[in-house]
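Reading the structure
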Amino acid sequence: MTIATGGPKHRTAFLDARILDPASGTDQRGSVLVEDGRIADFGPELFSESVPDGVRVIDCGGYCLAPGLVDMRVQLREPGEEHKETIGSGARAAAAGGVTSMVALPNTEPVIDDGAGVEFIARRARDVKLGKVYTYGAATVGLAGQQLTEFGLLTEYGAVGFTDGTKAIADAQVMRRALSYARTFDTVILQHPEEPSLAGGVMNGGALATRLGLSGIPTQAEVIPVERDLRLVELTGGRYHAAHLSTAAAVEAIRQAKARGLPVTCDTAPHYITLTEEAVGDYRTFAKTSPPLRSETDRQAVLAGVVDGTIDAIASDHAPHDQESKRLPFAAAEPGIAGLETLLALSLGLYHEGHIGLIELLSRLTCGPSDLLGLGAGRIVKGGPADLVLFDAEASGHIEPDDFVSKSKNSPFDGHPIRGKVLKTIVDGRVIFTAETDA
Amino acid sequence: MTIAKASSETGFRHRHLLGIEGLSAGEITYLLDLAERYVELNRKAGKTGDLLAGLTVINLFFESSTRTRTSFELAAKRLGANVVNMQIAWSSIKKGETLLDTAMTLNAMHPDVLVVRHPDSGAVNLLSQKVNGSVINGGDGSHEHPTQALLDALTIRRRRGRLDGLLVAICGDIAHSRVARSNIHLLTTMGATVRVIAPPTLLPSRIEDLGVEAFFDMRKGLADCDIVMMLRLQSERMQGTYVPSTREYFRFFGLDQEKLRAAKPDALIMHPGPMNRGVEIDSELADDIHRSVIREQVEMGVAVRMACLEALTTQKAAGGPDR
């Protein structure tokens, strides 16, 4: 929002913060001045003497002040399944999780495959007035995997990329044309990399699935479409993003593709770095995900991919489901985890375990995803939007799904020990979330 | 690429006209100069000559066509030839041998010239190997349509006085267009600079190897162009596989006043016809007599085809080499 020129400026000073900006590598004690929703100035000297009159002051108490998180993969269930989540409840969950920008998948009912759908998401987000909500357009009409949608018109309406959501673009010719056509508008195709004919199972293929008598999905189901798609990227030059990598083989395929200079990126979700198939344990449907949780070898390879930068982003893959969708025999239960509120704390686990520096980790949660989608967010820069998260990187606690703001509480992380807590979330200079202080 | 100063001294010494690829600048210029004379003749009242008197021309069309067939028919009749039109529904007969059977059958009737259009690339070439007369390619699949490129060149040359040094943009379904291929060969041979503009789904792979520059953005591609050639987009390409919809295609690749502003102020608009108004071209522009030379292209078509018929029949009498 721009304020009429000439009027008094809304100014807020964030004092005594540990300013962390992964894009510039900044990690310094200092203050940040926000004017009319934009970052006007920041640094160690700012306000070192005093703060002028008329400036609202927020004391950061030495805690970490970083760009607000950019979550590039969430399902908000609106329109169509508002009993699981709405854009409003999802935006509140995002605020509680320190997420200031998120991108919704188009797999709603109706599917977001036309301009009106893209506009609907934008309008609802404006009404809700919390964090920024973007959407992908469906890559094919009705997610049916055949006819391309109007990439050009949808991009003009605001779609930030094209994907068939939780369905793979299975047909090679359709993927080829999608990658090729995407070049016209310099947009990106995001793939759910799972070969449908191999993905009929319900959990990771292997000894545990065998013991439980559940049908398995082999890791090959992920690497086969990734490798095929990389060949099509070579053919077309289109930009390609592989979502939620879960296997060592797929991470290695992307690593090699990047080394060859192909325009490819990828992300993973906290559960693929944190959990293995063992979490399925005694048929726990909350640990049923798509793709499935994998072996310890795969988990370590995905973690290594995050650390060495092969994996550009960590996304929550927020998949809210009501109890009725999960309290079912394992095979019948819906896959997915409500992840918006645990994205930061679970990711910080990598830092606390000494795998990765704090700045490097934050880049996977801020400028990394923002840059690959061209959102212009995820950095602390003069003149940029004041989208920030204030967090305590050390606070110990446990995940309590019952306390989630999200309408859905489906998380396998019940009681999972964490270190890290979101204190405040700021969007365009407005504080949209403040943690309840511990009594 | 070095372009010899175009000269018509070389004449035209081929038995068939199967494509533009391989023709020299001199040969192209010879045909255009020949056609130029027929333009004037065609505008007069008594326009029948007797150059082809006693010769037989068969228009053999395996693909429906009204304009091209009529143009060839008129051209042959104005030169005094006997003309037979054969329209064969290719879909109703089997491929392979049948095409050659047809060729042998017709050959036995000793036609002097066969004008052949066929939906398969290379089919006209195949047929030409089995007949004794001359063959003119009236369009084969997505391969070549040489007389269209010649009539386009004649139209441009009459308006601009030259071909070399011009900047020409060919826009639309390059992948499936024989008109685009013939024009690319002709224009680059004559020293023009050629750009192709299309969504990447409608650009064939390695099109740059034909000596053109490819663009996905109309405004960038049209910048400073002297000539804007629009191609017809077949409706079956607009159903989500190559292009998602007609409205999206028109929005980003249809020629309208706003996009045309990027080209030179006096840029000419061309289209091989028939036009899809509101798909590849705005109706207002198509009818703009100051910019659009679409009707002139049709007029040049008859003159160019008369020139081709003359070149093939007269040099054959002189015993020219096979091509």
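Whatever comes next refers back to the structure up there.
Bear in mind the structure is a predicted one, so any value in this text is a computation, not a measurement. (Residues numbered from 1 in each chain as written. Chains lettered and ligands numbered in written order. Predicted model: local features only at pLDDT ≥ 70, side-chain atom pairs only at ≥ 80, totals over all residues. Heavy atoms only, no water.)

**A look at the packing of aromatic side chains**
Stated precisely, the cut-off is as follows: Aromatic pairing here means that ring centres of Phe, Tyr or Trp (its six-membered ring) are within 6.5 Å. Orientation follows from the plane angle: under 30 degrees is stacked, over 60 is edge-to-face, and everything else is tilted. Each helix corresponds to a stretch of at least 4 residues labelled H or I by DSSP, and each strand to a stretch of at least 2 residues labelled E; elements are numbered beginning at the N terminus. Whether a residue is buried, partly exposed or exposed follows from its accessible area with a 1.4 Å probe, protein chains only, as a fraction of its type maximum: under 20%, in between, or over 50%, in that order. Criterion for a charge above a ring: Arg CZ or Lys NZ at most 6 Å from the ring centre, at most 35 degrees from the ring normal.
Within the structure shown, the criterion is met by 5 aromatic pairs over all chains. A ring pair is formed by Phe 151 of chain A and Phe 162 of chain A, whose centres lie 4.3 Å apart and whose planes are at 20°; its orientation type is stacked. Of this pair, Phe 151 of chain A sits in helix H3 (residues 151–157) while Phe 162 of chain A sits in strand E10 (residues 162–163); the two residues are 11 residues apart in sequence, bridging distant segments of the chain. Here the aromatic rings of Phe 151 of chain A and Tyr 181 of chain A are separated by 5.6 Å at their centres, their planes lie at 45°, and the arrangement is tilted. Remark: Tyr 181 of chain A occurs in helix H4 (residues 172–184) and Phe 151 of chain A occurs in helix H3; sequence separation between them is 30 residues. Since its relative accessible area comes to 0%, Phe 151 of chain A is described here as buried. In this structure an aromatic cluster arises from ring pairing among Phe 151, Phe 162, Tyr 181 and Phe 185 of chain A together with Phe 252 of chain B. Above the plane of the ring of Phe 252 of chain B lies Arg 251 of chain B, whose end atom (NZ or CZ) is 4.9 Å from the centre. We note Arg 305 of chain B situated over the ring of Phe 72 of chain B; from NZ or CZ to the ring centre the distance is 4.8 Å.

**Section: the pattern of salt bridges**
Worth spelling out the cut-off: Salt bridges are counted wherever a side-chain nitrogen of Lys or Arg sits within 4 Å of a carboxyl oxygen of Asp or Glu.
By the definition in use, this model includes 39 salt bridges over all chains. Because the salt bridges share partners, they merge into one network encompassing Asp 33, Glu 36, Glu 40, Arg 157 and Arg 158 of chain B.

**Some points on the environment of Cys 171 of chain B**
Residues and elements named next belong to chain B. Spelled out, the test is: Only heavy atoms matter for contacts: two residues are in contact if any of them lie within 4.5 Å across the pair.
Here Cys 171 lies in strand E5 (residues 167–171). In this structure Cys 171 comes out as buried when scored by relative accessible area, which is 0%. When the C-alpha positions of Cys 171 and Ser 128 are compared, they lie 31 Å apart, and in sequence the two are 43 residues distant. The residues touching Cys 171, leaving out its near neighbours within four places in the chain, are Ile 197, Met 218, Leu 222, Val 228, Met 229, Met 230 and Leu 231.

**Considering the packing of helix H5 (residues 146–160) of chain B against helix H6 (residues 178–189) of chain B**
All names here are of chain B. Just so we agree on the cut-off: Only the stretch in contact is used when a helix axis is fitted, and all axes are lines through C-alpha atoms; the angle between N-to-C directions ranges over 0 to 180 degrees. Note that the term roughly parallel is reserved for angles under 35 degrees, roughly antiparallel for angles over 145, roughly perpendicular for angles of 65 to 115, and oblique for everything else. Working rule for handedness: look at the near helix, and if it is turned counterclockwise from the far one by less than a right angle, call the crossing left-handed; if clockwise, right-handed. Each residue gets one label: Ala, Val, Leu, Ile, Met, Phe, Trp, Tyr, Cys and Pro are nonpolar, Asp, Glu, Lys and Arg are charged, and the others, such as Gly, are polar.
Their axes nearest at 8 Å, the elements H5 and H6 cross at an angle of 55°. Here H5 is positioned oblique relative to H6, judged by the angle of their axes. For the element pair H5 and H6, the recorded crossing hand is right-handed. Residues Pro 146, Gln 148, Ala 149, Leu 150, Asp 152, Ala 153 and Ile 156 of H5 touch H6, and the partners they reach there are Val 179, Ser 182, Asn 183, Leu 186 and Leu 187. By residue class, the composition of the contact of H5 with H6 is 8 nonpolar, 3 polar and 1 charged.

**Overview of the nonpolar core**
Just so we agree on the cut-off: Within this scheme, the nonpolar core is defined by two criteria: the residues are buried Ala, Val, Leu, Ile, Met, Phe, Trp, Tyr or Cys, and they are joined through side-chain atoms within 4.5 Å.
Judged by nonpolar contacts, the single largest core of 189 residues is most densely connected at Phe 391 of chain A together with Leu 150, Ile 170, Leu 186 and Leu 255 of chain B. Excluding anything up to four places from it in sequence, Phe 391 of chain A contacts Leu 20, Tyr 63, Cys 64, Ala 66, Leu 344, Leu 348, Leu 362, Lys 421, Val 422 and Leu 423 of chain A.

**Some thoughts on a negative patch on the surface**
Residues and elements named next belong to chain A. Note the threshold: Every patch collects residues that have over 30% relative accessible area and no salt bridge, joining them within 9 Å if they carry like charges and within 5 Å if they are nonpolar side chains (Val, Leu, Ile, Met, Phe, Trp, Tyr). What sets the accessible areas is the Shrake-Rupley method with a 1.4 Å probe; for residues, cover comes only from the shown protein chains. Residues counted as positive are Lys and Arg, residues counted as negative are Asp and Glu, and His and the chain ends are not counted. Positions of charges follow a simple convention, taking NZ of Lys, CZ of Arg, CG of Asp or CD of Glu.
On the surface, a cluster of negative charge is contributed by Glu 400, Asp 402, Asp 403, Asp 414 and Glu 436. Position of Glu 436 among the secondary structure elements: in the segment after strand E19 (430–434). Under the relative-accessibility criterion, Glu 436 is labelled exposed at 72%.

**Let's talk about the packing of helix H1 (residues 25–42) of chain B against H5 of chain B**
Residue and element names in this part refer to chain B. Where H1 meets H5, the axes come as close as 10 Å, and the angle between the chain directions of the two elements is 70°. Taken together, the axes of H1 and H5 are roughly perpendicular relative to one another. Contacts between H1 and H5 involve Ile 28, Thr 29, Leu 31, Leu 32, Asp 33, Ala 35, Glu 36, Val 39 and Glu 40 from the former and Leu 150, Ala 153, Leu 154, Arg 157 and Arg 158 from the latter.

**Describing helix H8 (residues 246–253) of chain B**
The set of residues buried in H8 of chain B consists of Glu 248, Tyr 249, Phe 250, Phe 252 and Phe 253 of chain B. Looking at the buried residues of H8 of chain B, the elements they touch are H3 and H4 of chain A together with helix H7 (218–222), strand E8 (227–230) and helix H9 (257–260) of chain B.

**Remarks on the sheet that holds strand E3 (residues 113–118) of chain B**
All names here are of chain B. Filter applied, for reference: Note on pairing: two strands pair once DSSP finds at least 2 bridges between them.
The sheet built from 4 strands is open, its strands ordered E2-E1-E3-E4 with parallel pairing. Both outer strands of the open sheet, strand E2 (82–87) and strand E4 (134–140), are each paired with one neighbouring strand and no more. In this sheet, neighbouring strand axes are inclined to one another by 15° on average, regardless of whether the strands run parallel or antiparallel. As paired elements, strand E1 (residues 56–61) and E3 share 5 bridges and run parallel to each other. Following the sheet pairing, Phe 61 is matched in E3 by Arg 117.

**Thoughts on the interface of chain A and chain B**
To keep it simple, the criterion reads: Buried area is understood as the total, over both parts, of accessible area removed when two parts are fitted together, assessed with a 1.4 Å probe. Any pair of N or O atoms that falls within 3.5 Å is considered a polar contact. Within protein, one atom must be able to donate a hydrogen and the other to accept it, and sequence-neighbouring residues count only if both atoms are side-chain atoms.
Chain A puts 15 residues into the contact, and the matching count from chain B is 15 residues. In this assembly, chain A packs against chain B so that about 1,500 Å² is buried in total across both faces, 56% of it on carbon and sulfur atoms. Looking at the side of chain A facing chain B, the largest losses of area belong to Glu 150, Arg 177 and Tyr 181 of chain A, adding up to 38% of the total buried there. Here chain A is connected to chain B by 2 salt bridges. Between Glu 156 of chain A and Arg 251 of chain B there is a salt bridge, with its nearest N and O atoms 2.4 Å apart. Between chain A and chain B we count 9 residue pairs in polar contact (both at pLDDT 80 or more) in total.

**Focus on the state of the cysteines**
Residue and element names in this part refer to chain A. The line we're drawing: By disulfide we mean two sulfur atoms from cysteines, separated by a distance within 2.5 Å.
One pass over the structure, following the stated rule, counts 0 disulfides over all chains. Free cysteine Cys 266: the closest other cysteine sulfur is in Cys 367, separated by 15 Å. In this structure Cys 266 comes out as buried when scored by relative accessible area, which is 0%.

**Thoughts on the pairing of E1 of chain B**
The following threshold applies: Looking down the strands as they point away from the viewer, one classifies a crossover as right-handed if the path from the first strand across the helix to the second runs clockwise.
Of all 6 residues in E1 of chain B, 5 are buried, a share of seventy percent or more. A crossover connection joins E1 of chain B to the parallel E2 of chain B through helix H2 (residues 67–78) of chain B; in handedness this β-α-β unit is right-handed.

**As for unusual backbone geometry**
Across residues other than glycine, the phi torsion is negative in most instances, and most of the peptide bonds are trans. Glu 109 of chain A connects to Pro 110 of chain A through a cis peptide bond whose omega is 5°. Of note, Pro 110 of chain A is situated in the loop between strand E7 (99–104) and helix H2 (115–128). Pro 274 of chain B follows Gly 273 of chain B through a cis peptide bond whose omega is -10°. The residue Pro 274 of chain B is located in the loop between strand E9 (268–270) and helix H10 (283–286) in this model. Even without being a glycine, Asp 16 of chain A presents a positive backbone phi close to 55°.

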